[in-house]
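Below are the chains, spelled out letter by letter.
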Amino acid sequence: MSVSTAAAIPGPRGIPLLGNMGSTIRFFSDPIKCLRDLHSNYGRVATDSKGNAAIVCLFGPEHNRAVLSEPNQFQNAAELPIRIPQGSSLHRLTNFLVG
C-alpha cells in the first residue's frame, strides 16, 4: 500500500510522543469502545492511526463478506512466523476470522 493510499484512510491522530503505539494502548484499554468510536467517527473503513495503514478496520456486512470470502487478499495480523498445527486451539485462536 502506498503512503498516499494510507493517508487517505480516515482515523484518529497518533497520541503525542507515543505515535502509533498510543493507538495500541488506546485499543487494549477498551477494545469495544475503541472499535465503536472508530466506526462512529470515521465510517466503515478506518485505520487505528491516521497515516498508518498497518491496522485497518472494516465495518459492515459487505466488508466482512469480502474479507471472509477472499482471505488471500487480506493479511491476517495474527499470522505468526512459526508453524501452528492446523486445528489446534492456538490455530483457532490466532485465525478466528480467516483461518
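Residues numbered from 1 in each chain as written. Predicted model: local features only at pLDDT ≥ 70, side-chain atom pairs only at ≥ 80, totals over all residues. Heavy atoms only, no water.

## Some thoughts on the overall build of the protein chain
No. 1: Regarding its fold elements, the protein chain presents five helices and two strands.
No. 2: Each helix and strand of the protein chain, ordered N terminal to C terminal, gives the series α-α-α-β-β-α-α.
No. 3: The 99 residues of the protein chain split such that 21% are buried.
No. 4: For the protein chain, restricting intrachain contacts to residue pairs at least 6 apart in sequence, the fraction spanning at least 24 positions comes to 42%.
No. 5: Split by element, the accessible area of the protein chain, about 7,300 Å² in all, is 60% carbon and sulfur. (Helix = DSSP H or I, 4+ residues; strand = E, 2+ residues; numbered from the N terminus. Buried < 20%, exposed > 50% of the residue type's maximum accessible area, 1.4 Å probe, protein only. Contact = heavy atoms within 4.5 Å. Areas by Shrake-Rupley, 256 points an atom, 1.4 Å probe, with all protein chains shown as cover.)

## Concerning the pattern of salt bridges
No. 1: Counting across every chain of the model gives two salt bridges.
No. 2: Asp37 is the partner of Lys33 in a salt bridge, and the nearest nitrogen-oxygen pair spans 2.6 Å. Placement of the pair is Lys33 and Asp37 together in helix α3 (residues 31-42), with a separation of four residues, close to one helical turn.
No. 3: We classify Asp37 as partly exposed; its relative accessible area is 30%.
No. 4: Between Arg44 and Glu62 there is a salt bridge, with its nearest N and O atoms 2.5 Å apart. (Salt bridge = Lys/Arg side-chain N within 4 Å of Asp/Glu carboxyl O.)

## Notes on α3
Each α-helix turn comprises 3.6 residues. Residues three or four places apart therefore point the same way.
No. 1: The end-to-end C-alpha distance of α3, which contains 12 residues, comes to 16 Å, matching closely the 16 Å that a straight helix rising 1.5 Å per residue would cover.
No. 2: One or two positions beyond α3, positive phi appears at Gly43, with a value near 95°. (Expected span 1.5 Å × (residues − 1).)

## Quick word on the environment of Gly43
No. 1: Among the structural elements, Gly43 can be located in the loop between α3 and β1 (45-49).
No. 2: In this structure the C-alpha to C-alpha distance between Gly43 and Pro10, which are 33 residues apart in sequence, comes to 8.1 Å.
No. 3: Excluding residues that lie within four positions of it along the chain, Gly43 makes contacts with Leu38 and Phe59.

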